[in-house]
Amino acid sequence: MKLLPLHLSAIAALVAVTGVRAGEKALVDTTRSPHALMYMPDLADVRWNGGLLGERFDVARTTMIPHMGELMSNPATSPAWDNYLIAAGLKQGRFRGPPFNDGDFLKWFEALVQVYALTRDPKLEAQMDEIIAVVAKAQREDGYLHTQTIIPQRAGEQTREFADREHFETYNMGHLMTAAAVHYRVTGKRTLLEPAIKAADYIERLCRERPQELARNAICPSHYMGVIEIYRITRDPRYLRLGEQLIEIRSLVPPAEGSDHNQDRMPFRQMTEAVGHAVRANYLYAGVADVFAENGDRSLFQPLATLADNVAGKKLYITGMTGAIYDGASPDGVDHTQHKYIRTIHQAYGRNYQLPNLTAYNETCATIGYGMWLWRMLAVTGEAAYADQFEQTLYNGILPGISLEGTHYFYVNALKKLHEFDVPLRWSRTREANIPASFCCPPNVVRTIAEMHNYVYALSPDTVWVNLYAASTLDSRWLDGTPIKLRQETDYPWAGAVRIVIDEAPGREVTLKLRVPGWIRSEAVTVKVNGLPVSPTIQPGTYADLRRHWKKGDVVEFDMEFKPVLWEANPLVEETVDQVAVKYGPLVYCIESNDLPEGVALKDVAVSLRSPATFTARREKIGPASVLTLTFEALVLQRPAWQPGQLYREFDDKPPRTIALKAVPYYAWGNRGDTEMSVWLPAR
């Protein structure tokens, strides 16, 4: 059975789902979460009107999603769809590929659903129906869904569930639940929701009957988020209790198996530092935040806030990426003085301030998990710092995961690449057309780009939160049915002028909360309403509140005057001592060797601190995309070439010469061949 091809029609209006209130058709539904301060608009309430993020969505709609559908349904390039067909009894064969492919396919499916929400293309609906029929048929009657186990079981082989904790069974079923929640909210159909409920019931039984076995198999625990979304749809308290118990049973993992790598060395409430496999960690933290939004257990929130501070203050790249190290060891076992308690870790959070550049791991999935966690922290606190970090992560951590034309991927994300550094590493630092050994990141980044618009605004009683600045429209309703319509007109992030036009407002006072980024100076922000200056409290890292009786045609002008600036890292980040990076608004920039003058090596380029840098901005094309490049005067260190095997030598203080140096947005690097690149440059 071949997947139907994608042909998208013009954007059509969202058809209401009977019996579901506004806000309950959202990507993450916190409309009835007692401890959430805001909720997302419905999945089709926000639409792009051009701009950088709108352009990325258009590429997702026209290229990323259809191309990936072909890739994942072709047995020559991916076994993901084949495994479902075989498990469903529709094709003969054996399981192939990594054990997490089931969940990765469902990430791609979720992206498909999101595009359908905005287009209502009947061809997409038919394609989704076809996929769902196969997935449902592949599932066992008891709710278990994991094709690596089901395929041999249906062939009569003796294969048991959870034979290996690295088989990712709960991860796959968790992505079934989240994809099903989105599909139900968009279509009103229960065709995928019912299999997801069966999977949640299977996990709930396992939690009651074999809690230790379930606890030791919480690998990349997407099911933590999944069961809470099932609770939010069904309102069955069993699923909330399950979400709570999934956290509690982590303490049942035997000491011989528990480790920082899987965040199960200690009970969650005792955690004070982000450790181990960064995807697993960030999925865990996002899931715990979902539970807190429902039950308000402060003993869960306190470690969440502590962990978030630890990441943001000591373990986060300037690009908003997480999971710095390829391989290492965590000495924080039962007794760190004894080698037998030391556990290996990989693709993981390292020590505080351990942020290498050439060997940075930064798995794309880890950064996406961090973004999901950040949004949930924003939802339960209303603190703009989390929105700032989400923006940093979105532009500089998530967008780089896929090429500008939408068909090549990064699994890991270095902040520096030099051809002479030929140390073999597991993953390519050049974009790849396929990553068959681990195709988890490509569908994850595609679904995130397809769903970006859901994060721009949020609602709470008589309040609109503007979390991200981007050319877009909001056409939504509060829970009481009152409509709100507005649009943003802006070229952000290329410029800081934002114009918000009210197209429909209720006949009562409403607060418009405008995020004041933490990286901007308060004196660089001005606000006008209908051409007249107003003076809300402008404090970087908070929201500026505009409360009034809005009427159709009202215009808010929110101007942020920003320019390129040089940033430095805390000197405890050893690898960036005496180096600087270029930022422009929320965007991190980098230098690619493509743009260097003939005969200049990237490793010899430095930034002069003798006089303030003067930047010249210019719109240019990189591949199909328009970007803003920044050109400024820099230095070339005049030093002899290093000889093979030469590790040290006497310092040569020959005066450097000046060159014009071009910087490009970091998210756009690697789209012009196998190039060298660096975010950080020596300061002289």
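Only a predicted model underlies this, so the values are computations on that prediction, with no experimental measurement involved.

Draft legend 1. Up close: empty space enclosed by the protein. One pass over the full model with this rule turns up four cavities of 30 Å³ or more. Taken as a whole, the largest cavity holds about 240 Å³ of empty space. Around the largest cavity, the lining comprises 21 residues; the ones closest to its centre are Val28, Glu110, Met372, Arg376 and Arg447. Of all the secondary-structure elements, those providing two or more residues to the lining of the largest cavity are α6 (169–187), α9 (222–234), α13 (364–381), α14 (384–398) and α15 (441–450). Considering each element in turn, the lining of the largest cavity owes the most residues, five residues, to α6. Considering only residue class, the lining of the largest cavity consists of ten nonpolar, five polar and six charged. Each pocket or cavity is described by its volume, and for the second largest cavity that value is around 50 Å³. As for the second largest cavity, its lining consists of Val580, Ala581, Val582, Tyr589, Cys590, Ile591, Val607, Ala663, Ser678, Val679 and Leu681. Elements that contribute at least two residues to the lining of the second largest cavity include exactly β17 (579–584) and β18 (587–592).

Draft legend 2. A look at the layout of surface pockets. For the largest pocket, the calculated volume is near 900 Å³. Along the wall of the largest pocket there are 33 residues; nearest its centre are Lys603, Leu637, Arg639, Pro682 and Arg684. A breakdown of the residues in the lining of the largest pocket according to their chemical character gives 15 nonpolar, five polar and 13 charged. Of the pockets and cavities examined, the second largest pocket occupies roughly 660 Å³. Lining of the second largest pocket is provided by 27 residues; of these, Ala312, Leu316, Ile318, Gln392 and Trp567 occupy positions nearest its centre. Sorting the residues of the lining of the second largest pocket by element identifies α12 (298–315) and α14 as the ones contributing at least two each. When residues of the lining of the second largest pocket are assigned to their parent elements, the largest contribution, five residues, is made by α14. The residue inventory of the lining of the second largest pocket, partitioned by class, reads 14 nonpolar, seven polar and six charged.

Draft legend 3. Just the side chain of Asn671, in detail. Structurally, Asn671 is set in the loop between β22 (657–665) and β23 (677–678). In this structure the side chain of Asn671 is engaged in a polar contact, spanning 2.8 Å, whose partner is the backbone nitrogen of Leu404. Of the polar contacts made by the side chain of Asn671, one reaches the backbone oxygen of Ala668; its length is 2.8 Å.

Each value, and the rule that gives it
Residues numbered from 1 in each chain as written. Predicted model: local features only at pLDDT ≥ 70, side-chain atom pairs only at ≥ 80, totals over all residues. Heavy atoms only, no water. 1 Å grid on protein atoms, 1.4 Å probe; cavity = no way out; pocket = protein on both sides within 12 Å on 5 of 7 lines; lining within 4 Å. Points joined across faces, edges and corners; volume = space filled by probe spheres on them. Helix = DSSP H or I, 4+ residues; strand = E, 2+ residues; numbered from the N terminus. Nonpolar A, V, L, I, M, F, W, Y, C, P; charged D, E, K, R; others polar. Polar contact = N/O pair within 3.5 Å; in protein donor to acceptor, adjacent residues only side chain to side chain.

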